[in-house]
Amino acid sequence: MTQLLERIEARLSKEYDEYVVAELLAKKAAYLGRIGDAEQAKAIIQHVRQKFNDGRSGRVTCFLQVAEGVLLHNSFQSTAALDKLTRAELLAQAIRDPDLIGICSAWKAFVDFDLSRFESMSRSLLRINDLGLEGDHAVQSRKAVTLMTAAILLGEREVAQSWFRLGHRHAVAEGVLACIDALLFNR
């Protein structure tokens with residue numbers, strides 16, 4: 001089990017607030033989707049949606065949409081993933097929650113890049129810069145993967161290496177092996 005999953009499990013074992021539990025479960029589902037455990041991720045999403053599908057928590061809805069977007073992207077349904085992530089980003093902006101905007105925008109930019117939607121990708125990445133989330137490891141590592149890959153495709157080796165180092169540092173701090181693998185694979 002990765003450090004991120006261990007931390008989520010540890011928090012889940014001590015948490016009693018149903019909203020926080022739902023957010024943690026959605027984050028767990030997103031990570032499981034990233035590492036290819038789609039069935040367990042879908043089961044978790046379904047479980048959380050049973051209680052929170054009525055719109056009682058915008059935060060939970062955003063995290064669920066990110067998890068669903070990750071699952072769709074990893075099953076080669078990038079257009080459907082973009083729809084989920086766009087909705088999550090818009091909801092996060094409506095809520096005006098910087099942490100939510102950051103993670104939703106980071107994932108949306110990643111999928112935008114995959115679909116060659118570079119202007120939209122740029123807007124999402126610029127939005128992240130305005131939030132002051134330099135210490136948010138999840139946001140910064142996902143942003144770095146996107147920008148490193150873009151720099152590689154442009155032939156900007158030194159720029160790509162710089163993004164690799166930054167992304168690697170944040171991914172290690174977060175304990176996300178999937179992001180480290182993505183950085184290494186794309187490198």
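Just above, that's the structure.
Residues numbered from 1 in each chain as written. Predicted model: local features only at pLDDT ≥ 70, side-chain atom pairs only at ≥ 80, totals over all residues. Heavy atoms only, no water.

Before going further, it helps to spend a moment on the environment of Lys51. Position of Lys51 relative to the elements: it lies in helix H3 (residues 38-52). In this structure Lys51 comes out as partly exposed when scored by relative accessible area, which is 41%. Every residue in contact with Lys51, bar those within four places of it in the chain, is listed here: Glu18 and Arg56. At 2.6 Å, the side chain of Lys51 forms a polar contact with the side chain of Glu18. (Helix = DSSP H or I, 4+ residues; strand = E, 2+ residues; numbered from the N terminus. Buried < 20%, exposed > 50% of the residue type's maximum accessible area, 1.4 Å probe, protein only. Contact = heavy atoms within 4.5 Å. Polar contact = N/O pair within 3.5 Å; in protein donor to acceptor, adjacent residues only side chain to side chain.)

What follows covers the nonpolar core. Within the largest apolar cluster, 49 residues are counted, with the highest numbers of intra-cluster contacts made by Val48, Val66, Cys104 and Trp107. Elements with a minimum of two residues in this core: helix H1 (3-14), helix H2 (18-34), H3, helix H4 (58-74), helix H5 (78-95), helix H6 (98-114), helix H7 (118-129) and helix H8 (137-153). With 10 residues, H6 is the largest single contributor of residues to this core. For Trp107, the contacting residues outside a window of four places in its chain are Arg34, Val66, Val70, Leu85 and Arg142. (Core = buried A, V, L, I, M, F, W, Y, C linked by side-chain atoms within 4.5 Å.)

Here we come to the packing of H8 against helix H9 (residues 157-174). How two helices sit against one another is set out by the angle between their axes and by the gap between those axes. One can describe the packing of H8 onto H9 by two numbers: an axis separation of 8 Å at closest approach and a directional angle of 155°. Classified by the angle between their axes, H8 and H9 sit roughly antiparallel to one another. Crossing of H8 over H9 shows left-handed handedness. Here His137, Ala138, Gln140, Ser141, Lys143, Ala144, Leu147, Met148, Ala151 and Ile152 of H8 come into contact with H9, specifically with Val159, Ala160, Trp163, Phe164, Gly167, His170, Ala171, Ala173 and Glu174. The residue inventory of the contact of H8 with H9, partitioned by class, reads 12 nonpolar, 5 polar and 2 charged. (Axes fitted to C-alpha atoms, helices over the stretch in contact; angles between N-to-C directions. Parallel < 35°, antiparallel > 145°, perpendicular 65-115°, else oblique. Left-handed = near helix turned anticlockwise from the far one by under 90°. Nonpolar A, V, L, I, M, F, W, Y, C, P; charged D, E, K, R; others polar.)

Inspection of the secondary structure assignment puts Ser57 in the loop between H3 and H4. A polar contact is formed between the side chain of Ser57 and the backbone nitrogen of Val60, at a distance of 3.1 Å. In this view, Ser57 contacts Tyr19 and Phe52; residues no more than four positions away in its chain are not counted.

What follows deals with H4. With 17 residues, H4 should cover 24 Å at 1.5 Å per step; its first-to-last C-alpha distance of 24 Å lies within 8% of that length. Across the 17 residues of H4, 14 count as buried, placing the element largely inside the fold. Trailing H4 by a residue or two, Phe76 shows a phi angle of about 65°, which is positive. (Expected span 1.5 Å × (residues − 1).)

Scope: geometric values only; no functional claims are made or implied.
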